[in-house]
Amino acid sequence: ERINGGFLVYSPKHPASRHHLDQMISILREGNFSGSGWRKSGIGWTYGGQTVQGIQPYYYFTEANKEQEGLAQKLGIKMAAAHREIDRCRYNNMVQLDNCKNIPFDSIVSNHFTGDCGKPWHCPPKTNQLCNRLRIEFVKRCKEMVLSLAQFHPLLTNSSGAVEFVNSLNEGEWCIDEKFVSVSAMVRLLA
């Protein structure tokens, strides 16, 4: 998989970003996807290929690059590719690559709970120090979010038990059970 859908940044206010987003939406609506990927390109036939994990690599490695090359030719200049690869150990770290398993925690911008770490609410076995630290931070930040939202949404403090649940989490907790799923669903509705 060349691009994971766990980390995307598009700014609809930026004209180029808006253009790329509109083009991908158009391709999605066209729906020309098969076992051979998007528009029979061989790109996007893997897990999540019918969604952002397939449409983005297809678009950026084919359509956007063709468009960029055409514009460069027309202007008589050399242009960079329409996409830029970023360090997957710092952004959307899935703790799958050896070099990503040993990266200092403080250098990670975002992570994706899949691969070697697993979802914290499935209580996966402790695998390595980085996964354990990511899970602990996840639980800590969820607790902070629920307590912060509870100030503005009485539903969280009244009958839901959400505040009581997050307050019961111990410092360093890394595994949270399915009760968390219902709390997080409620928070998503309220946020």
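Here the structure is a predicted model, which means the values were calculated and not measured. (Residues numbered from 1 in each chain as written. Predicted model: local features only at pLDDT ≥ 70, side-chain atom pairs only at ≥ 80, totals over all residues. Heavy atoms only, no water.)

Participant: In this structure, what is going on with the nonpolar core? I would like to understand it.
Facilitator: Nonpolar side chains in soluble globular proteins generally cluster together in the buried interior. Counting eleven residues, the largest nonpolar core consists of Cys89, Val95, Cys100, Ile103, Phe105, Ile108, Phe113, Cys117, Leu130, Cys131 and Leu134. Per-element accounting of this core gives the leading share, three residues, to helix α4 (residues 129-150). Apart from the residues within four sequence positions on either side, cysteine 100 is in contact with Arg88, Cys89, Asn93 and Leu130. Core analysis: the second largest hydrophobic core is formed by nine residues, Trp38, Tyr58, Tyr60 and Ala64 among them. (Core = buried A, V, L, I, M, F, W, Y, C linked by side-chain atoms within 4.5 Å. Buried < 20%, exposed > 50% of the residue type's maximum accessible area, 1.4 Å probe, protein only. Helix = DSSP H or I, 4+ residues; strand = E, 2+ residues; numbered from the N terminus. Contact = heavy atoms within 4.5 Å.)

Participant: I tried to follow the pattern of salt bridges on my own but got confused; where do I start?
Facilitator: Pairs can form between side chains of opposite charge whenever their charged atoms are close. For the structure on display, the rule yields eight salt bridges. In this structure, the salt-bridge partner of glutamate 137 is arginine 133, at a minimum N-O distance of 3.5 Å. Of this pair, glutamate 137 and arginine 133 both sit in helix α4, four residues apart, which is roughly one turn of the helix. Several salt bridges converge on common partners, so that one network encompasses Glu30, Arg39, Glu63 and Lys66. (Salt bridge = Lys/Arg side-chain N within 4 Å of Asp/Glu carboxyl O.)

Participant: Mind showing me how you'd approach the side chain of asparagine 93 here?
Facilitator: Secondary-structure assignment places asparagine 93 in the loop between α2 (52-75) and α3 (98-101). At 2.9 Å, the side chain of asparagine 93 forms a polar contact with the backbone oxygen of cysteine 89. Residues within four places of asparagine 93 in sequence aside, it is in contact with Arg88, Cys100, Ile103, Ile108, Ser110, Asn111, His112 and Leu130. (Polar contact = N/O pair within 3.5 Å; in protein donor to acceptor, adjacent residues only side chain to side chain.)

Participant: What should I look at first to understand the packing of aromatic side chains in this one?
Facilitator: Each aromatic ring pair is described using two quantities: the centre-to-centre distance and the angle formed by the ring planes. Taken as a whole, this structure holds three aromatic pairs when the rule is applied. Taken together, a centroid distance of 5.1 Å and an interplanar angle of 80° make the contact between tyrosine 59 and tyrosine 60 edge-to-face. Neither tyrosine 59 nor tyrosine 60 differs from the other in exposure class; each is buried. Over the ring of phenylalanine 105 we find arginine 133, and its NZ or CZ is 3.9 Å from the ring centre. (Phe/Tyr/Trp six-rings, centres within 6.5 Å; stacked < 30°, edge-to-face > 60°. Lys NZ or Arg CZ within 6 Å of the ring centre and 35° of its normal.)

Participant: I'm lost on the state of the cysteines in this one. Help?
Facilitator: By definition, a disulfide is the covalent link that joins the sulfur atoms of two cysteine residues. The tally for this structure, following the rule as stated, stands at two disulfides. For cysteine 117, the disulfide goes to cysteine 131, at an S-S distance of 2.1 Å. An S-S torsion of about -90° defines the bridge between cysteine 117 and cysteine 131 as left-handed. Here cysteine 117, found in the loop between α3 and α4, pairs with cysteine 131, found in helix α4; they are 14 residues apart in sequence, far enough to count as distant. Residue class for cysteine 117 comes out buried when judged on its relative accessible area of 1%. (Disulfide = S-S within 2.5 Å.)

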